[in-house]
Amino acid sequence: MSADREASHDMTDRDIALLLADAADGVEIGIAPTQAVIRGGRRRRARRWALATAAAVAIVGTTGTVALAGLQGGGDGHRGASVATRPPATAAERHVYEPQVTTVAQGTYKGKEWQVTVEVWGAPRNQAEAERQSAAFAGRDRDPVVDKPAELVGKTSFFAVRTYGDEKSQPVMFNTVKRIERLKGTDMENIATRFSPTTGLGHLVIGEVAKTAKELTCRWKDGTSTVVRLVPANSTVDRTDVIRPVAGFTGGNWFVCVAPSGTSYLSAEVTG
């Protein structure tokens with residue numbers, strides 16, 4: 001269990017509960033023990049990833065963005081410099097109550113449409129915004145990684161959501177953090193799951209890679225592999241196996257691999 005201790009030294013009892021929640025949904029039987037579950041590139045500080053299934057994830061750290069205010073010089077140097085500031089962005093502009101939503105991939109499986117989206121929710125600036133954002137989460141059946149609304153202040157939340165047919169959409173990877181660190185090199189985080197948690201249909205892999213990654217290879221247990229490549233942010237979503245930028249997410253790009261019928265996930269790595 002050394003991998004667990006290395007990756008999760010700051011996890012609370014609630015984090016552990018989230019990791020175990022819905023463990024029956026899409027668990028890849030045979031990917032055990034725990035050391036075999038945690039995969040991916042170079043590890044840095046532990047990130048508190050919450051997963052809706054027990055699956056493959058590589059844990060990395062988090063960094064943030066910097067808000068800048070422009071400086072306008074004074075007159076002859078004897079006067080104080082004046083500060084030119086932009087009007088504060090509204091909560092709507094920051095996507096506090098309505099997230100930025102990007103469809104990473106979509107397709108049809110067994111006659112039903114499926115879709116993987118990533119939602120990015122902006123950070124509330126005060127208690128009032130946090131309370132309202134908490135209500136918005138509840139309206140979408142989202143559960144951020146906090147114990148009370150006040151803990152949302154200054155934090156960004158994001159959810160990778162799987163939808164299949166008329167089944168209820170379900171977040172399969174999600175987190176709430178103060179800073180989002182950019183993945184680098186071959187760093188990646190991924191989860192192996194299924195199209196339908198209720199019927200056990202199909203296998204797919206959802207994850208995040210560094211923005212420099214142009215190609216990723218998913219390998220399956222039947223010996224085959226699927227190569228996914230980076231597509232522009234404004235490209236159509238009629239392809240199933242892609243790496244795609246996500247609006248509002250600074251940590252990396254997201255990808256989806258779909259397993260051939262009759263097989264399941266073995267491994268994934270950045271290959272270009």
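Above this text sits the structure in question.
Residues numbered from 1 in each chain as written. Predicted model: local features only at pLDDT ≥ 70, side-chain atom pairs only at ≥ 80, totals over all residues. Heavy atoms only, no water.

Draft legend 1. Examining the overall build of the protein more closely. Within the protein one finds four helices and 14 strands. Split into buried and exposed, the 272 residues of the protein put 46% on the buried side. Here the analysis covers contacts within the protein between residues at least 6 apart in sequence; of these, 62% occur between residues at least 24 apart. (Helix = DSSP H or I, 4+ residues; strand = E, 2+ residues; numbered from the N terminus. Buried < 20%, exposed > 50% of the residue type's maximum accessible area, 1.4 Å probe, protein only. Contact = heavy atoms within 4.5 Å.)

Draft legend 2. Examining the sheet that holds strand 14 (residues 265–270) more closely. Taken together, seven strands build an open sheet; the order of strands is 8-9-13-12-11-10-14 and the sheet is mixed. Only two strands of the sheet have a single partner each, and these edge strands are strand 8 (188–193) and strand 14. Between one strand axis and the next, the sheet turns by 20° as a mean value, whatever way the strands run. Where strand 8 meets strand 9 (residues 204–209), six bridges bridge the pair, whose relative direction is antiparallel. Note that in strand 9 the partner of N190 across the bridge is G207. (Pairing = 2+ DSSP bridges. Axes fitted to C-alpha atoms, helices over the stretch in contact; angles between N-to-C directions.)

Draft legend 3. Region of interest: the environment of Y265. Considering the arrangement of structural elements, one finds Y265 in strand 14. Looking at Y265, its side chain comes within polar contact range of the side chain of N190, at 3.1 Å. Separated by 3.4 Å, the side chain of Y265 and the backbone nitrogen of A268 make a polar contact. (Polar contact = N/O pair within 3.5 Å; in protein donor to acceptor, adjacent residues only side chain to side chain.)

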